[in-house]
Amino acid sequence: QVHLVESGGGAAQAGGSLRLSCAASGRSFSSYAMGWFRQAPGKERDFVAAISSTGGTTYYAGSVSGRFAIARDNSKNTVHLQMNDLKPEDTAIYYCAADHDAMVLVNTGGSSWGQGTQVTVSG
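Residues numbered from 1 in each chain as written. Predicted model: local features only at pLDDT ≥ 70, side-chain atom pairs only at ≥ 80, totals over all residues. Heavy atoms only, no water.

## Digging into the overall build of the chain
- Counting its regular elements, the chain contains one helix and eleven strands.
- Going residue by residue from the N terminus, the α and β elements of the chain occur as β-β-β-β-β-β-β-β-β-α-β-β.
- Relative to a compact globule of 123 residues, whose C-alpha radius of gyration would be 14 Å, the chain shows 13 Å and is just as compact.
- Taken along its principal axes, the extent of the C-alpha atoms in the chain is 40 × 25 × 25 Å.
- By the burial criterion, 45% of the 123 residues in the chain qualify as buried.
- For the chain, long-range pairs separated by at least 24 residues make up 57% of all intrachain contacts whose partners lie at least 6 apart in sequence.
- Only carbon and sulfur atoms are counted for the fraction: they give 48% of the accessible area of the chain, which is about 5800 Å².
- In the chain, the 9 positive side-chain charges and the 9 negative ones have mean positions that sit 5 Å from each other. (Helix = DSSP H or I, 4+ residues; strand = E, 2+ residues; numbered from the N terminus. Rg over C-alpha atoms; globule rule 2.2 N^0.38 Å. Buried < 20%, exposed > 50% of the residue type's maximum accessible area, 1.4 Å probe, protein only. Contact = heavy atoms within 4.5 Å. Areas by Shrake-Rupley, 256 points an atom, 1.4 Å probe, with all protein chains shown as cover. Lys, Arg positive; Asp, Glu negative; His and termini not counted. Charge placed at Lys NZ, Arg CZ, Asp CG, Glu CD.)

## A few points about the sheet that holds strand β3 (residues 18-25)
- Here four strands make up an open sheet; going across it, the order is β1-β3-β8-β7 and the pairing antiparallel. The strands lining the two open edges of the sheet, one partner per strand, are β1 (3-7) and β7 (68-73). Each strand of the sheet is rotated relative to its neighbour by a mean of 15 degrees, with strand direction disregarded.
- The sheet contact formed by β3 and strand β8 (residues 78-83) spans six bridges and is antiparallel. Of the residues in β8, the one forming a bridge with C22 is V79. (Pairing = 2+ DSSP bridges. Axes fitted to C-alpha atoms, helices over the stretch in contact; angles between N-to-C directions.)

## A look at the pattern of salt bridges
- By the definition in use, this model includes three salt bridges.
- Residue R38 pairs with D90 through a salt bridge whose shortest N-O separation is 2.9 Å. Taken together, the residues R38 in strand β4 (residues 33-39) and D90 in the loop between β8 and β9 (92-99) connect sequence positions 52 residues apart. Just as R38 is buried, D90 falls in that class too.
- One salt bridge in this structure joins K87 and D85, with 3.8 Å as the shortest N-O distance. (Salt bridge = Lys/Arg side-chain N within 4 Å of Asp/Glu carboxyl O.)

## Remarks on the state of the cysteines
- By the definition in use, this model includes one disulfide.
- Residue pairing for C22: its cysteine sulfur links by disulfide to C96, the two sulfurs lying 2.1 Å apart. In this structure, the disulfide formed by C22 and C96 twists by about -85 degrees around the S-S bond and is classed as left-handed. Here C96 lies in strand β9 and C22 lies in strand β3, a separation of 74 residues in the sequence. C96 carries the same exposure label as C22, and that label is buried. (Disulfide = S-S within 2.5 Å.)

Have a look at this one:
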């Protein structure tokens, strides 16, 4: 298990950008697939993006494909979510997650979760 802490959330206008960061602790960070999920008020948690342990493969929800980009820096134990062309419907709490299996992460969520960071997009 890894400990995850998100940062970088805040307010943005529609069409703007935000960059979320997730700092991870643990010796085996590089063995985990990492991902981002989000949950809007009153709604279920949704998958947003994920990246394989090596960074060689990325996965995106259709709603963010082409606008968001996930990246990781294993040397710094961090994963980022660059969010461009933000839309009001992107407003949610964004959670960083980790799992040893990328497909498990994408489809069922991670075994480790951060505390979340709020993203608010105004139109």
